[in-house]
Amino acid sequence: MGKTLVEKIWDAHVVKSDDGFPDILYIDTHFIHEVTSPQAFDGLRNRGLPVFRPAQTIATADHNVPTIDQHLPIKEELSRYQVDMLTKNCAEFGVELYGLGHPFQGIVHVIGPELGITLPGSTIVCGDSHTSTHGAFGCIAFGIGTSQVEQVMATQCLLQQKPKTMKIEVNGKLGQGVSAKDIILYIIAQISAAGGTGYFIEYAGSAIESLSMEARMTICNMSIEMGARGGLIAPDQITFDYVEGREFSPKGEEWEKALAKWKLLYSDADASFDEILVFDAADIEPMITYGTNPGMGMGISENIPSTESQITSEQPSYQKALTYMGIEGDTPLLGKPIDYVFIGSCTNSRMEDLREVAEFVKGRQKAENVTVWIVPGSKQIEQQAIAEGLDKVFEAAGFHLREPGCSACLGMNEDKIPAGKYCVSTSNRNFEGRQGPNSRTFLASPLTAAAAAITGRVTDVRQLLNEDIHA
Amino acid sequence: MKKFEKLTSAIVPLPIENIDTDQIIPARFLKATTREGFGENLFCDWRYDEQKNKRPEFVLNNPLYNGKILVAGKNFGCGSSREHAAWAIQDYGFNVVISSFFADIFKGNALNNGLLPIQVSDEFLISIFKAVEQDPATELIIDLEQQTVTLTATGAQENFEINPYKKSCLINGYDDIDFILNQKEAIEVFERKAD
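Residues numbered from 1 in each chain as written. Chains lettered and ligands numbered in written order. Predicted model: local features only at pLDDT ≥ 70, side-chain atom pairs only at ≥ 80, totals over all residues. Heavy atoms only, no water.

**Quick notes on the packing of helix H12 (residues 351-361) of chain A against helix H15 (residues 446-455) of chain A**
Residues and elements named next belong to chain A.
1) Next: The geometry of H12 relative to H15 is characterised by a closest axis approach of 9 Å and an angle of 35° between their N-to-C directions. The chirality of how H12 crosses H15 is right-handed. Here Asp-353, Glu-356, Val-357, Phe-360 and Val-361 of H12 lie close against H15, whose contacting residues are Pro-446, Leu-447, Ala-450, Ala-451 and Ile-454.
2) Next: Per-class residue counts for the contact of H12 with H15 are eight nonpolar, no polar and two charged. (Axes fitted to C-alpha atoms, helices over the stretch in contact; angles between N-to-C directions. Helix = DSSP H or I, 4+ residues; strand = E, 2+ residues; numbered from the N terminus. Left-handed = near helix turned anticlockwise from the far one by under 90°. Contact = heavy atoms within 4.5 Å. Nonpolar A, V, L, I, M, F, W, Y, C, P; charged D, E, K, R; others polar.)

Spelled out as structure tokens, the structure:
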């Protein structure tokens with residue numbers, strides 16, 4: 001019997017496997033950030049332990065940083081304290097930090113791949129649920145809690161049960177205006193916000209294989225939104241081309257050796273998955289969420305499902321979500337006026353996202369009633385966007401290119417959506433108050449978000465794509 | 001970690017599905033650098049209005065409901081990996097969370113802090129909600145050793161699953177780091193082989 005890709009990588013990282021105990025899993029790379037690490041460093045201090053493998057630990061400041069005037073001291077006292085604490089901890093324990101002001105600083109899940117730290121076949125953890133992003137490279141990558149951050153710092157290992165495996169195939173060609181974000185929002189809407197719990201998901205099929213690395217990261221990023229710890233895609237030539245030549249990726253002879261190993265990273269033809277789902281790319285239209293979990297999503301042309309159409313026991317929670325969002329069942333979202341557009345987060349803040357949005361808004365103007373924030377995923381992306389003149393394109397359209405960080409995805413810094421306001425967001429969560437107390441979030445792709453910015457309403461981007469603005 | 005002992009307690013019902021960690025503890029409270037004090041802001045936006053006045057309709061503000069057991073709808077703890085969610089629930093005074101389904105990371109975080117997540121069947125969950133609706137003083141007995149949860153009023157009982165290793169950690173008050181630190185030699189052997 002063959003092995004799945006997850007099993008191959010998992011088995012290669014098991015230090016010890018005893019009956020009745022979880023496996024001791026070796027972790028190749030540990031990313032840390034300012035929010036979920038301070039208590040872990042304290043734990044090490046209390047136990048009198050060093051960071052066991054500091055060279056395999058990389059830190060950045062992202063969750064809690066301002067996205068304007070990053071060269072100035074952070075105004076908000078608690079945020080400043082937390083970011084300073086990371087700096088002190090990294091210095092004390094000998095951990096490399098790409099903090100504010102560093103040319104490599106950025107959202108942890110953006111900089112790992114960008115710097116060539118994220119490599120196929122490796123095990124990667126971080127105290128952040130969107131660690132699943134790195135799975136796009138064919139890694140076992142998953143989010144952990146702070147006690148586990150401490151555990152990995154102390155031992156470079158984690159006690160983990162081997163997960164169940166699920167394969168999700170998406171076959172065929174994507175329609176106009178449909179992107180990776182729409183694929184993953186579609187899958188989550190199909191299987192619900194809990195449908196992947198307990199599984200590691202391997203995405204496959206011709207629609208997935210044709211995607212760029214950046215698009216694959218968008219898909220794997222949101223695996224956690226259906227409850228899966230991780231999602232991954234078998235590495236191929238697209239992966240190798242992306243990794244080659246990056247700051248920290250292997251070079252010369254090391255590269256050749258690595259490449260030979262990476263080419264063996266696929267699920268065997270006779271491998272058995274605990275669950276297999278198959279979708280057709282042609283069924284996917286631009287997607288948008290209407291509710292307060294990422295499973296509450298629909299095609300942009302559809303009507304919001306009615307409360308009565310839900311299972312009886314779930315109707316109160318469902319109605320609570322619609323009431324919170326200020327919307328009604330059996331009505332469309334198309335045409336709904338919105339207030340903010342946020343283009344950013346570890347889901348959609350990479351170069352391709354920014355280029356796609358810039359290309360679309362060139363020659364267009366944002367609606368007066370809308371505020372648009374574009375927050376790049378890293379300092380390198382910000383610099384590249386400026387070098388390509390995208391900042392000028394955004395400015396001309398009335399958009400604002402800010403500095404890198406997690407920003408309005410979770411509203412830990414000043415970038416909060418005000419109470420009651422609607423935001424079309426390229427981020428990953430539409431939970432109550434996620435983007436600020438009582439804020440209301442519609443999750444969508446960068447293109448759909450950009451279209452909403454132009455019209456000031458929830459819009460089917462395909463209508464604008466077919467319009468010739470230069471005529 | 002504190003040892004988990006047999007518990008008889010009243011319950012606090014929260015019959016809502018998909019309660020995510022942003023509801024349990026909103027991100028703006030994650031700026032603290034210690035583990036203590038998160039209970040104050042547990043379910044903050046459901047518990048208080050914008051002026052920080054208590055919302056009387058929310059169960060934590062209802063003096064009828066007390067106890068060390070939180071009972072919630074399915075897919076409890078979905079969303080972010082923030083351990084602060086488990087810390088907040090524990091800091092508020094809960095020792096047990098019962099639901100018909102837990103998100104993975106939350107469940108792990110809870111266990112790593114001695115907060116016991118108990119998964120029961122949909123039917124048993126409904127029977128708990130019904131019992132507490134009829135009598136807010138309804139009590140549950142949680143026996144980790146026997147892996148049972150019992151409604152005292154009716155004697156209705158259900159068994160629950162827990163990983164045997166995690167069970168012994170909770171009963172003895174050990175954590176994963178205590179365990180894994182003893183395996184340093186095996187880890188170093190593994191590293192040499194991998195090179």
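**Regarding the nonpolar core**
1) Next: Among the nonpolar cores identified, the biggest contains 113 residues, and Phe-43, Phe-76, Ile-98, Leu-116 and Ile-142 of chain B are the most heavily contacted of them.
2) Next: Among the elements that line this core, the one with the most residues is H15 of chain A, at seven residues.
3) Next: Domain assignment of the residues forming this core places at least three in each of domain 1 (5-276) and domain 2 (290-468) of chain A.
4) Next: Not counting residues within four places of it along the chain, the set of residues in contact with Ile-142 of chain B comprises Phe-4, Lys-6, Leu-7, Ile-69, Val-96, Ile-98, Leu-116, Ile-118, Thr-148 and Val-149 of chain B.
5) Next: Membership of the second largest hydrophobic core comes to 89 residues, among which are Leu-5, Leu-86, Ala-136 and Val-170 of chain A. (Core = buried A, V, L, I, M, F, W, Y, C linked by side-chain atoms within 4.5 Å. Buried < 20%, exposed > 50% of the residue type's maximum accessible area, 1.4 Å probe, protein only. Domains from an automatic or database assignment.)

**Structural notes on the packing of aromatic side chains**
1) Next: The tally for this structure, following the rule as stated, stands at 24 aromatic pairs over all chains.
2) Next: Note on Phe-104 of chain A and Phe-248 of chain A: the rings are 6.2 Å apart at their centroids and 85° apart in plane angle, and the pair reads as edge-to-face. Of the two residues, Phe-104 of chain A is situated in the loop between strand E5 (96-98) and helix H4 (108-114) and Phe-248 of chain A in the loop between helix H9 (237-243) and helix H10 (252-262); the sequence distance between them amounts to 144 residues.
3) Next: The exposure class assigned to Phe-104 of chain A is buried, which follows from its relative accessible area of 15%.
4) Next: A residue is classified by how much of its surface remains accessible, and Phe-248 of chain A, at 39% relative accessible area, is partly exposed.
5) Next: When the centroid spacing of 6.3 Å and the interplanar angle of 5° are considered together, the rings of Phe-394 of chain A and Phe-399 of chain A count as stacked. Both residues of the pair, Phe-394 of chain A and Phe-399 of chain A, count as buried.
6) Next: A connected cluster of aromatic rings, assembled from ring pairs, spans Phe-21 of chain A together with Tyr-165 and Phe-179 of chain B. (Phe/Tyr/Trp six-rings, centres within 6.5 Å; stacked < 30°, edge-to-face > 60°.)

**What about the UniProt feature "domain: Aconitase A/isopropylmalate dehydratase small subunit swivel" (unreviewed entry) in chain B?**
1) Next: Look at the UniProt record and you will see "domain: Aconitase A/isopropylmalate dehydratase small subunit swivel" (unreviewed entry) annotated at residues 1-122 of chain B.
2) Next: Spanning residues 1-122 of chain B, this segment combines 21% helix with 16% strand, and its end C-alpha atoms are found 31 Å apart. (UniProt positions renumbered as here; feature names shortened; annotations may be inferred.)

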